[in-house]
Amino acid sequence: MNKKVLPVKSPNGFLTYKPFDSTRISVLLAQDKLCKEIYENFMYFSVEKCAYDNGVMKLECHYKEQFSSIGEKRVPIDLILDMDMDFIKFCKKSLDKEFYVFLPIETSEISNYINYKKKPVYHHIFIYGYNDDERVFYCSEFFAFSNDKYSYQTVSYDELKAAFYKLQRELDEDSLSKEKMQWLKDVHLLHSYTEYRDRFTINRLIVGLQNYLDKRDNNGNKDYIKNLYYGYAIYDLCDIYIEYIVSNNFYYHFDMRPFLLIKDRFHYMKIQSEFVRENYASDSSEVNQIIDEFIRLEKEARKMFHLTIKYTMRGENKNVTKILEILDILKSEDYAVTSRYIECLKHI
């Protein structure tokens, strides 16, 4: 049997709101000794005010996304097309060489997606193995677009090929969209290093958390260039965003991802503080209290996120009122608990 499967581990319950982040975490988590890279990279994120093609504002969130333990090569899709490469063979050969494959597709061609044979949606899919006997790739993605559920499923060779080439045809038919959608231009080949530079220290963590509260990037800068904001500023931007959506009655365009990111961050802080307790804290009582606070805040943030789903479906302003109430509480308590955590870290 001709089969190849590279190691992955589900990131469910971690940071899973975006495929680009989830792919890297699923590789990192498969190698336990590399997990400290998570605490270095997911300490920082930026939030960008930008617009959809139809002119509706959205908040685009990005993590730092630089890992010394994960290498990345980008292959321009135009090059693959110009060389008339066999798409299935290209994916399989990449996997044989220990490269994970991350590429854009048109999801309505794949039966595992909720929009199968319906409205076209452009998205990335992560391929970590194949099986020639069954003619399937082993993939991970938000297949049902249920946001919080990153799943591992098989996709047939034929469906994946059709999805890949359909996207290219649709972009060729709309040159303006192709120019705007730079995120669709490359295939990403990822591989993991057995050795990496471990940069995690308590002092770096303190600096990172303070930069978060001060709304600064990982270099300590606070320059809001091209509508790009950092860290704790996400609460202010979510307030502005909700006011914009409600005043224009754009509930059907409501982007839930920034609110999911807030929920994700509290879960990340829980895991990070548990790591500190197990590896650095001689007296764990104070850290335990902080962990409990992050767990509580994550539950509140999850309620807020579920309300955004309801608002997207129904456009009821009563849900907006509740979202704003929880957002205001989270903003205040996030600052208080994170500040307390910083003080605790200073005494470790």
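These notes cover the structure that comes with them. Not measured: the values here are computed from a predicted model.

## Comments concerning the overall build of the protein chain
Point 1. For the protein chain, the count of helices and strands is eleven helices and ten strands.
Point 2. In the protein chain, which comprises 348 residues, the proportion classed as buried is 51%.
Point 3. Within the protein chain, residue pairs in contact and separated by at least 24 positions form 69% of the contacts whose partners lie at least 6 positions apart.
Point 4. As displayed, the protein chain offers around 16300 Å² of accessible surface, 48% of which is attributable to carbon and sulfur atoms.

## Observations regarding the environment of lysine 222
Point 1. Checked against the element boundaries, lysine 222 lands in the loop between helix H7 (202-213) and strand E10 (228-230).
Point 2. Taking the relative accessible area as the measure of exposure, lysine 222 reaches 38% and is therefore partly exposed.
Point 3. The spacing of lysine 222 and asparagine 211 is eleven residues in sequence and 9.1 Å in space, taken between C-alpha atoms.
Point 4. If near-sequence neighbours (up to four positions away) are discounted, lysine 222 is found in contact with Asp214, Lys215 and Arg216.

## Side note on the sheet that holds E10
Point 1. The three strands are arranged E3-E2-E10 in an open sheet whose pairing can be described as antiparallel. Of all strands in the sheet, those bounded by a partner on one side alone are strand E3 (57-63) and E10. Taking each pair of neighbouring strands and ignoring which way they run, the sheet shows an average axis angle of 25°.
Point 2. The pairing of strand E2 (residues 45-51) with E3 spans seven bridges and is antiparallel.

## Details of helix H5 (residues 157-173)
Point 1. End to end, H5 covers 25 Å across 17 residues, agreeing with the expected 24 Å (1.5 Å per residue, within 8%).
Point 2. Of the positions making up H5, those classed as buried are Tyr157, Glu159, Leu160, Ala163, Phe164, Lys166, Leu167, Gln168, Glu170 and Leu171.

## Considerations on the state of the cysteines
Point 1. One pass over the full model with this rule turns up zero disulfides.
Point 2. Cysteine 139 provides the cysteine sulfur closest to cysteine 91, a residue in no disulfide bond, and the two sulfurs are 8.7 Å apart.
Point 3. Residue cysteine 91 is classed as buried on the basis of its relative accessible area, which comes to 0%.

## Side note on helix H8 (residues 234-247)
Point 1. An ideal rise of 1.5 Å per residue puts 20 Å on 14 residues; H8 measures up with 20 Å between its terminal C-alpha atoms.
Point 2. Within the sequence span of H8, burial applies to Ile234, Tyr235, Leu237, Cys238, Tyr241, Ile242, Tyr244 and Ile245.
Point 3. Two residues or fewer past H8, asparagine 249 is found with a positive phi of approximately 55°.

## A closer look at the pattern of salt bridges
Point 1. Taken as a whole and judged by the stated rule, the model has 25 salt bridges.
Point 2. The partner of lysine 215 in a salt bridge is aspartate 236, and the shortest N-O contact between them spans 2.8 Å. In this pair, lysine 215 sits in the loop between H7 and E10 while aspartate 236 sits in helix H8, placing the two residues 21 residues apart along the sequence.
Point 3. By relative accessible area, which is 24% here, aspartate 236 ends up partly exposed.
Point 4. The partner of arginine 296 in a salt bridge is glutamate 333, with the nearest N and O atoms 2.6 Å apart. Of the two residues, arginine 296 sits in helix H10 (residues 285-314) while glutamate 333 sits in helix H11 (residues 317-346), which places them 37 residues apart along the sequence.
Point 5. Owing to a relative accessible area of 32%, arginine 296 belongs among the partly exposed residues under this scheme.

## Quick notes on the nonpolar core
Note on soluble globular proteins: their nonpolar side chains tend to be buried together.
Point 1. The biggest cluster of nonpolar side chains holds 61 residues, and the ones touching the most others in it are Tyr235, Ile262, Leu330 and Tyr341.
Point 2. Elements supplying a minimum of two residues to this core: E2, E3, H7, H8, helix H9 (257-279), H10 and H11.
Point 3. Contacts of isoleucine 262, omitting those with residues within four sequence positions, involve Ile234, Tyr235, Cys238, Ala301, Met304, Leu327 and Leu330.
Point 4. With 44 residues, the next largest nonpolar core counts Val27, Leu103, Ile127 and Tyr138 among its residues.

## Some details on the side chain of aspartate 334
Point 1. Tracing the chain through its elements places aspartate 334 in helix H11.
Point 2. Using a relative accessible area of 0% as the deciding quantity, one classes aspartate 334 as buried.
Point 3. Once residues within four sequence positions are removed from consideration, aspartate 334 is found in contact with Tyr212, Tyr232, Tyr235, Arg265, Phe266 and Leu297.

## Focus on the pairing of strand E6 (residues 122-131)
Point 1. With nine of its ten residues buried, E6 lies for the most part within the structure.
Point 2. Here strand E1 (residues 3-5) pairs with E6 via three bridges, running antiparallel. Along E6, the bridge assignment pairs valine 5 with glycine 129.
Point 3. With six bridges joining them, strand E5 (residues 100-106) and E6 adopt antiparallel strand pairing. Note that in E6 the partner of isoleucine 105 across the bridge is histidine 123.
Point 4. As paired elements, E6 and strand E7 (residues 136-141) share five bridges and run antiparallel to each other. Bridging from a neighbouring strand, asparagine 131 pairs with valine 136 of E7.

What counts as what
Residues numbered from 1 in each chain as written. Predicted model: local features only at pLDDT ≥ 70, side-chain atom pairs only at ≥ 80, totals over all residues. Heavy atoms only, no water. Helix = DSSP H or I, 4+ residues; strand = E, 2+ residues; numbered from the N terminus. Buried < 20%, exposed > 50% of the residue type's maximum accessible area, 1.4 Å probe, protein only. Contact = heavy atoms within 4.5 Å. Areas by Shrake-Rupley, 256 points an atom, 1.4 Å probe, with all protein chains shown as cover. Pairing = 2+ DSSP bridges. Axes fitted to C-alpha atoms, helices over the stretch in contact; angles between N-to-C directions. Expected span 1.5 Å × (residues − 1). Disulfide = S-S within 2.5 Å. Salt bridge = Lys/Arg side-chain N within 4 Å of Asp/Glu carboxyl O. Core = buried A, V, L, I, M, F, W, Y, C linked by side-chain atoms within 4.5 Å.

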